[in-house]
There are 2 protein chains.
Amino acid sequence: MERTGAAAVIIGNEVLTAKVQDLNGPHLIKRLREVGIPLQSVETVLDDVDAIVDAVSRARRKARYVFTSGGIGPTHDDVTVRAVAMAMGRRVVRLQEMLDLITSRVPEREVTPEGLRLADAPEGAVLLPQAGTWFPVLAVDDIYLLPGVPQLFRMQLETVLARLGGSPVSVSCLYLSLGESDIAGVLDRVALDMPHVAIGSYPEFDPAKDYRVKVTIESAQQGPVDAALERIVTGLPEGAVVRRE
Amino acid sequence: MERTGAAAVIIGNEVLTAKVQDLNGPHLIKRLREVGIPLQSVETVLDDVDAIVDAVSRARRKARYVFTSGGIGPTHDDVTVRAVAMAMGRRVVRLQEMLDLITSRVPEREVTPEGLRLADAPEGAVLLPQAGTWFPVLAVDDIYLLPGVPQLFRMQLETVLARLGGSPVSVSCLYLSLGESDIAGVLDRVALDMPHVAIGSYPEFDPAKDYRVKVTIESAQQGPVDAALERIVTGLPEGAVVRRE
């Protein structure tokens, strides 16, 4: 399988137990879309080494870039560094560069043994400097270990995205007055004939809306999008299209 | 591995491409917490048969109850039924009971071939009647195939939850004036000694807040929660606790 795009692993007992609502997954989805990096999956797992190892291994097999959120602090429930190292078959080492950063910020005699855990990383990890803060982003190969705290996650994500490339996709939408069962035949045929165009169909059940189904058509270029849209419109009964976007 | 609690698979190109924000995952998390069914993972995947088969297989291996969201309509991108059947090693069959429901609602001559796809299900599937609507919930063993449309998802989820059992957990919180590095040692020891108590540590970086870390302590009974809380408080320097909840 070719490794393309990105995959995310949200490490969060607090999310799965409804103590906080995850903001990092939705934010990552939005930003990756904006910069044009396709996202393959977002998996939210417990703060459990085995669960994280599994999820990170899976993410690495399918995606070029892997983002993790959470579990990189100094407490007992912060097991992401260890799990990522295991998923890569590497040791956990203490990064001298991070030790130097920590001790330059905190007088050495006040650093607790647990505080030093912030310098632990999978072997081969690098620190990406962040504008406006002394705290770097921890990255190993194309795995980015971001913090769970939303304001820190967002800041670190921008540091990472500035280094990656992507290309935005072209999208068109059709709003239709027919139900899904009545348009499925047409969509089927076009989807089958044009595998490089992604066609989505989303029913709307709110009677106050002026349409019953929204169809999205997307591709890397506008040309195939226009062609698919024309084929769909031509295949539908007259008057079925409420509007285009 | 013992299969406990629940796991969710959100099927959603539209979510991963940022066209809509997923509401079903967060709602499911909240409702499962309220009824006391522990949730192990939420995985959001593309509308792709292989990706869904993988995610559903994984969910089934670890969880007793599996919830899917999306991909059960009549269009080409609705592949959840087929994927769930494959994950279970079963055929897809057309359910006569569902055919009867559809034709009782829509005059038979107006039902399109695609509309009949709504009656397709993994072999062995059952239909759970829903109060207030003719449309039933599709379930096979303990996999519940819920629709992606949020208002329908919520309604069907309640139908399912009314049939399942759970027991709410006990939780206490400590708000602390110290940073994570300074409390990690104490939390480590208590977490190690009391494996049946889940201890979470969540740093707060907003200087307007009156605490720096929130610690959550939870277990099936209140007794172990109280014991762990006392041990943590005793282990911390005087004045570290801002408040308890």
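Definitions and limits used
Residues numbered from 1 in each chain as written. Chains lettered and ligands numbered in written order. Predicted model: local features only at pLDDT ≥ 70, side-chain atom pairs only at ≥ 80, totals over all residues. Contact = placed C-beta atoms within 7 Å. Helix = DSSP H or I, 4+ residues; strand = E, 2+ residues; numbered from the N terminus. Pairing = 2+ DSSP bridges. Axes fitted to C-alpha atoms, helices over the stretch in contact; angles between N-to-C directions. Buried ≥ 20, exposed ≤ 12 C-beta atoms within 10 Å, placed from the backbone. Domains from an automatic or database assignment. Parallel < 35°, antiparallel > 145°, perpendicular 65-115°, else oblique. Left-handed = near helix turned anticlockwise from the far one by under 90°. Least-squares fit on C-alpha atoms with pLDDT ≥ 70 in both. Expected span 1.5 Å × (residues − 1). Arc of directions from axis to C-beta.

This paragraph deals with the interface of chain B and chain A. With 48 residues of chain B in contact, the opposing surface of chain A contributes 48 residues. Elements that contribute at least two residues to the side of chain B that touches chain A include exactly α1 (13-16), α2 (24-35), β2 (39-45), α6 (150-161), α7 (180-193) and β10 (198-203) of chain B. With 8 residues, α7(B) is the single largest residue contributor to the side of chain B that touches chain A. By the bridge criterion, 5 bridges tie strand β2 (residues 39-45) of chain A to β2(B) in an arrangement that is antiparallel.

A word on the environment of V92(B). Residue and element names in this part refer to chain B. Take V92: it is sitting in strand β4 (residues 92-94). For the pair V92 and P122, spaced 30 residues apart in sequence, the C-alpha to C-alpha distance is 4.5 Å. Not counting residues up to four positions away in its chain, the partners in contact with V92 are V81, R82, A85, D120, A121 and P122.

In this section: the sheet that holds β10(B). All names here are of chain B. Across the sheet, 4 strands lie side by side as β10-β11-β9-β12; this open sheet has antiparallel pairing. Here the strands that pair on one side only, and so sit at the sheet edges, are β10 and β12 (241-244). Within this sheet the neighbouring strands show an average axis-to-axis angle of 20 degrees, counted without direction. Strand direction decides the pairing type here: β10 and strand β11 (residues 213-219), joined by 6 bridges, are antiparallel. Among the inter-strand pairings, A198 is bridged to a residue of β11, identified as E218.

Residue and element names in this part refer to chain A. With respect to the helices, strands and loops of the structure, E238 is situated in the loop between α8 (222-235) and β12 (241-244). The class of E238 is exposed, set by 5 C-beta atoms lying within 10 Å. With 218 residues separating them along the chain, E238 and V20 place their C-alpha atoms 48 Å apart.

Looking now at the domain arrangement of chain A. Splitting chain A by domain gives domain 1 (6-161) and domain 2 (170-244). When each unit is reduced to the centre of its C-alpha atoms, the spacing between domain 1 of chain A and domain 2 of chain A is 39 Å.

Residues and elements named next belong to chain A. Here we have 4 strands laid out as an open sheet, ordered β10-β11-β9-β12, and antiparallel in their pairing. If you trace the sheet from one side to the other, it starts and ends with β10 (198-203) and β12, each paired once. The mean angle between the axes of side-by-side strands here comes to 20 degrees, regardless of whether they run parallel or antiparallel. Here 7 bridges tie strand β9 (residues 170-176) to strand β11 (residues 213-219), and the two strands are oriented antiparallel to one another. Each residue of the ladder has a partner; that of C173, found in β11, is T216. This element, helix α7 (residues 180-193), spans β9, β10 and β11 of the sheet and lies at about 175 degrees to β10. Lying over the sheet, α8 contacts β9, β10, β11 and β12, oriented at roughly 145 degrees with respect to β11.

Residues and elements named next belong to chain A. At A18, a residue that is not glycine, the phi angle is positive and equals roughly 65 degrees. With respect to the helices and strands, A18 occurs in the loop between α1 (13-16) and α2 (24-35). Even without being a glycine, D141 presents a positive backbone phi close to 55 degrees.

All names here are of chain B. In this fold, L99 is placed in helix α5 (residues 96-105). Assessed through the 16 C-beta atoms surrounding it within 10 Å, L99 is described here as partly exposed. Sequence-wise, L99 and D120 are 21 residues apart; in three dimensions their C-alpha atoms are separated by 9.0 Å.

Attention shifts here to the packing of α7(B) against helix α8 (residues 222-235) of chain B. Residue and element names in this part refer to chain B. Viewed as axis vectors pointing N to C, α7 and α8 meet at an angle of 150 degrees, and their least axial separation amounts to 9 Å. Taken together, α7 and α8 sit at an angle that is classed as roughly antiparallel. The element α7 and its partner α8 pack so that their crossing is right-handed. Taking contact as the criterion, the partners of V186, L187, R189 and V190 in α7 are, on α8, A228, R231, I232 and G235.

Attention now goes to the relation of the copies chain B and chain A. Rotating chain B by 180 degrees about the axis while translating it 0.0 Å along that axis superimposes it on chain A, leaving an RMSD of 0.0 Å. Overall, the copies show the geometry of a two-fold rotation axis. Closest to the rotation axis within chain B is the C-alpha of E43(B), separated from it by 2.1 Å. When the interface residues of chain B are mapped onto chain A, 100% of them are again interface residues, pointing to one common binding face.

Let us now look at helix α3 (residues 49-62) of chain A. For α3(A), built from 14 residues, the straight-helix expectation of 20 Å at 1.5 Å per residue is met to within 8% by its first-to-last C-alpha distance of 20 Å. Among the residues of α3(A), those classed as buried are A51(A), I52(A), A55(A), V56(A), R58(A), A59(A) and R60(A). Along its buried surface, α3(A) packs onto β1 (6-11), β2, β3 (65-69) and α4 (80-88) of chain A together with β2 of chain B.

For α2(A), built from 12 residues, the straight-helix expectation of 16 Å at 1.5 Å per residue is met to within 8% by its first-to-last C-alpha distance of 16 Å. Buried within α2(A) we find N24(A), G25(A), L28(A), I29(A) and L32(A). When α2(A) is viewed along its axis, its buried side chains cluster within an angular range of 135 degrees and face the same direction. Seen from the buried face of α2(A), the exposed residues on the opposite side, beyond 90 degrees, are K30(A) and E34(A). For α2(A), the secondary structure elements touched by its buried residues are β1, β2, β3 and α6 (150-161) of chain A together with α1 of chain B. Positive phi shows up at G36(A), right after α2(A), with a value of about 80 degrees.

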